[in-house]
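Chain and residue survey
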Amino acid sequence: MTRGGDERVRWFDPGRLCLDLMAARPADAARLAQWLLAVGLVPPGTPLGGDGVPEEWVARFGELGRSVDRLMREVLDGSPARGDDLDRLNAVAAAPPPAPRAVPGEGGGLVRAWGSPPGCAALLAAVARDAVELLTDPSARALLRQCEGAGCRRVYLDTSRGRRRRWCSSAVCGNRQRVARHRVKKNLNAR
C-alpha cells in the first residue's frame, strides 16, 4: 500500500493502480482491506464482504497482481504478452465495475460512495481495466520503468522531468545506491 496505511511502503507511488497492486502484494485480508482504502479504490466506511474482506479475495487479488506483474515485465523486456496472463486480465476486466454515486458528506460537500457494497469481481475489474489501459496506451507504456536499485523489483511510471528517474524512491533505493557508491569510494581512498 503506497498511499497510506502501511508505513513500510508508503513512500512509493508507482503512478497507476495496477502497478500499486504489484508493489503492495497484500498477503492477508487486513492488508488487502487497508490497500483498497489506501489507494482510494473504496471510500472510507465502505462495507467489504460483510465482516470485512473475505480471505478468498486475497487469493484473487494475488492472482491478478501476479498476472499484471508478468505482463508488465514482458513489456519492459520487449517480449510478447503471455496468453494465459493476458486472457486472465481480459476476463477479469470484463466484469462490471463498482457503481459510484455522489452523496452529501459531513462538511456538506459531496463525497463518493458505492450504491451497494462492491464485490470482489467489481474491484478486481477496476484494477484490471487500469492495467488494460496502461498496456494499450503507447504513451503511458513508454513511461514504464523498473527500479534500478539492487534487488528491487518495483515497477513505476517515470513522469519525472526529463524522464530520468532511476529508482522507485530516491529516499530509499536511491539512498542505498549512494551509500554503496560512497563506501566503495571510501574503501578505494583508504588503500
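Structural notes, computed from the coordinates. (Residues numbered from 1 in each chain as written. Predicted model: local features only at pLDDT ≥ 70, side-chain atom pairs only at ≥ 80, totals over all residues. Heavy atoms only, no water.)

The next subject is the overall build of the protein chain. Secondary structure assignment for the protein chain yields seven helices and four strands. If you list the helices and strands of the protein chain from N to C, you get α-α-α-α-β-β-α-α-β-β-α. Counting over 191 residues, the protein chain shows a buried share of 41%. A separation of at least 24 residues holds for 55% of the contacts in the protein chain among residues at least 6 apart in sequence. As displayed, the protein chain has an accessible area near 10600 Å², and 51% of this comes from carbon and sulfur atoms. (Helix = DSSP H or I, 4+ residues; strand = E, 2+ residues; numbered from the N terminus. Buried < 20%, exposed > 50% of the residue type's maximum accessible area, 1.4 Å probe, protein only. Contact = heavy atoms within 4.5 Å. Areas by Shrake-Rupley, 256 points an atom, 1.4 Å probe, with all protein chains shown as cover.)

Looking now at the pairing of strand β2 (residues 110-114). Walk down a regular strand and you will see the side chains alternate between the two sheet faces. Where strand β1 (residues 100-104) meets β2, five bridges bridge the pair, whose relative direction is antiparallel. Following the sheet pairing, P100 is matched in β2 by W114. In this structure, the hairpin formed by β1 and β2 is closed by a connection of five residues, where G108 is found at a positive phi of approximately 95 degrees. (Pairing = 2+ DSSP bridges.)

The next thing to look at is the environment of D85. Within the secondary structure, D85 is located in helix α4 (residues 83-93). Residues D85 and L71, 14 residues apart in the sequence, show an inter-C-alpha distance of 6.8 Å. In contact with D85, not counting residues within four places along its chain, are S67, R70 and L71. Polar contacts involving the side chain of D85 include one to the side chain of S67, which spans 3.0 Å. (Polar contact = N/O pair within 3.5 Å; in protein donor to acceptor, adjacent residues only side chain to side chain.)

Here the phi dihedral of R25 falls at roughly 45 degrees; this positive angle occurs in a residue that is not glycine. By secondary structure assignment, the location of R25 is in the loop between α1 (17-24) and α2 (29-38).

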